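Structural overview
Chain by chain, the residues:
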Amino acid sequence: MRIAEILKTKTLANSTTPRLDLELLLEVILHKPRSFLYANPEYALTSEQKEKFEALYRRRLHGEPLAYILGKKEFWSLELAVNNKVLIPRSETELLVEIILSNLNREVANIADLGTGSGAIALALAYERPKWNIVATDISEDALQVARYNAMQLQISNVEFCRGDWCEILSNKKFDVIVSNPPYVEKNDLHLQQGDVRFEPKIALEACDGFDAIKTVIMQAKNRLTSDGLLVLEHGYDQSSAVQELLLQNGYQKITPHKDLAGIYRAVVAKNGENE
Ligand code: GLN
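Right, let's talk about the overall build of the protein chain for a bit. Tallying secondary structure elements over the protein chain gives 11 helices and 11 strands in all. Its C-alpha atoms give the protein chain a radius of gyration of 21 Å, within 12% of the compact-globule value 19 Å for 276 residues. When the 276 residues of the protein chain are sorted by exposure, 51% land in the buried category. Restricting the contact set of the protein chain to residue pairs at least 6 apart, pairs at least 24 apart contribute 64%.

In structure tokens:
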């Protein structure tokens, strides 16, 4: 089977980017850059390569996310390893990194990333600010393994990974920023039965009424932040006003919602506001 033939005849009805998906599958199987595919459309796959391609193609055909099949996903221009124990980092979540970088103008700072998953947020911050001390927690040891592997691959050494539930594992030291992309999809949301999320870990996605993890983080973070420390959260597309209300009820100040690239309020930053 030749490259041109595969690209012409194989379909992927499940995907919105079928051609790109096929090219990326071929790229990993042939260990060549995509430019090779264009330069060598007549290249015939060996029987071993063909077998491998068919196996990966079938997984994609059944809807498995490309990131899990390839075992990687780009976030903040860093290549992160992923598997089905971690949420696939989303481009929306890069907004949290942007907010923190633009709000915290300090060379040295203490940051906590709660529910780090693949380590995406913590590692992007650590990469941008090598002098910041970052603690990244997750309840899942499987997720922490992925995150630690990513730190090692990227040669990032200013993130400490700890297993624990939200803030519980954090030391008594106060943080300048606590950031989290917690699970926030309501358990019965039909959205969980469509697309990539079907293959992602429920623990990273689902929250009973959509708010239990967010509430826990808001409550626990309050006395872990410095007096002018910032809490930065991602939340669901329709949760912005409810999350702002929760922050207000818990005594946070200067609550500022942020829109993602699709124009949807997707993140919020709030100041601890103690002693003000
Ligand atoms: N953004 C994810 C989705 O599309 C949810 C991520 C999360 O729950 N933190 O469903």
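Once that is clear, we can look at the side chain of S140. Considering the arrangement of structural elements, one finds S140 in the loop between β4 (133-138) and α8 (141-153). Within polar-contact distance, the side chain of S140 engages the backbone nitrogen of A143 at 2.9 Å.

Evaluation of the coordinates by the stated rule reveals 2 aromatic pairs. Pairing F36 with Y43 gives two aromatic rings, centres 5.6 Å apart and planes at 70°, and the pair type is edge-to-face. Measuring from centroid to centroid gives 5.7 Å for F53 and Y57, while their planes differ by 15°, and the two rings are stacked. Placement of the pair is F53 and Y57 together in helix α4 (residues 47-61), with a separation of 4 residues, close to one helical turn. Judged by relative accessible area, which is 0%, F53 ranks as buried. Looking at K32, its charged tip hangs above the ring of F36, at a distance of 5.2 Å from the centre.

With the exception of glycine, the majority of residues adopt a negative phi angle, and the majority of peptide bonds are in the trans configuration. Even without being a glycine, H31 presents a positive backbone phi close to 55°. Note on placement: H31 falls in the loop between α2 (18-30) and α3 (34-39). Residue H31 is classed as exposed on the basis of its relative accessible area of 66%. Of note, Q155 is a non-glycine position whose phi angle comes to about 55°, a positive value. On the secondary structure map, Q155 appears in the loop between α8 and β5 (159-163).

The next point concerns the side chain of R60. Along the chain, R60 falls in helix α4. Exposure remark for R60: the relative accessible area of 8% places this residue in the buried category. Leave out the neighbours within four places in its chain, and R60 touches L12, N14, S15, D21, P65, L66 and I69.

On to the nonpolar core, then. If you look at the biggest cluster of nonpolar residues, it comprises 35 residues, and the most contacted ones within it are L125, W132, V159 and V232. It is helix α7 (residues 120-128) that provides the largest number of residues to this core, a total of 7 residues. Sequence-distant contacts of V232, that is, excluding residues within four places in its chain, are made with L96, I99, I100, V177, I178, V179, S180, V268 and V269. Judged by nonpolar contacts, the second largest core, of 31 residues, contains A112, I178, L205 and V243.

Buried within helix α6 (residues 94-103) are the following residues: L95, L96, V97, I99, I100 and L101. Considering only its buried residues, α6 is in contact with β1 (72-75), α7, β6 (175-180), β9 (225-234), β10 (253-259) and β11 (265-271).

With mixed pairing, 7 strands are arranged side by side in an open sheet as β5-β4-β3-β6-β9-β11-β10. The open sheet has two free edges, formed respectively by β5 and β10, since each of these has just one partner strand. With strand direction ignored, the average angle separating the axes of adjacent strands in the sheet is 15°. Where α6 meets the sheet, it contacts β6, β9, β10 and β11, and its direction lies at approximately 155° from that of β9. Docked against the sheet, α8 engages β4 and β5, running at close to 170° with respect to β5.

Moving on: helix α11 (residues 240-249). Buried within α11 are the following residues: S240, V243, L246 and L247. Along the long axis of α11, the arc covered by the buried residues comes to 125°, so they all point the same way. Structural note: α11 exposes S241, L248 and Q249 on the side pointing more than 90 degrees away from its buried face. In this structure, the buried residues of α11 make contact with α10 (212-222), β9, β10 and β11.

Here we take up the pattern of salt bridges. Under the definition given, this model contains 12 salt bridges. With its nearest N and O atoms 3.1 Å apart, the salt bridge here joins K10 to E54. With K10 in the loop between α1 (3-9) and α2 and E54 in helix α4, this residue pair connects regions lying 44 residues apart in the sequence.

Parameters and conventions
- Residues numbered from 1 in each chain as written.
- Predicted model: local features only at pLDDT ≥ 70, side-chain atom pairs only at ≥ 80, totals over all residues.
- Heavy atoms only, no water.
- Helix = DSSP H or I, 4+ residues; strand = E, 2+ residues; numbered from the N terminus.
- Rg over C-alpha atoms; globule rule 2.2 N^0.38 Å.
- Buried < 20%, exposed > 50% of the residue type's maximum accessible area, 1.4 Å probe, protein only.
- Contact = heavy atoms within 4.5 Å.
- Polar contact = N/O pair within 3.5 Å; in protein donor to acceptor, adjacent residues only side chain to side chain.
- Phe/Tyr/Trp six-rings, centres within 6.5 Å; stacked < 30°, edge-to-face > 60°.
- Lys NZ or Arg CZ within 6 Å of the ring centre and 35° of its normal.
- Core = buried A, V, L, I, M, F, W, Y, C linked by side-chain atoms within 4.5 Å.
- Pairing = 2+ DSSP bridges.
- Axes fitted to C-alpha atoms, helices over the stretch in contact; angles between N-to-C directions.
- Arc of directions from axis to C-beta.
- Salt bridge = Lys/Arg side-chain N within 4 Å of Asp/Glu carboxyl O.

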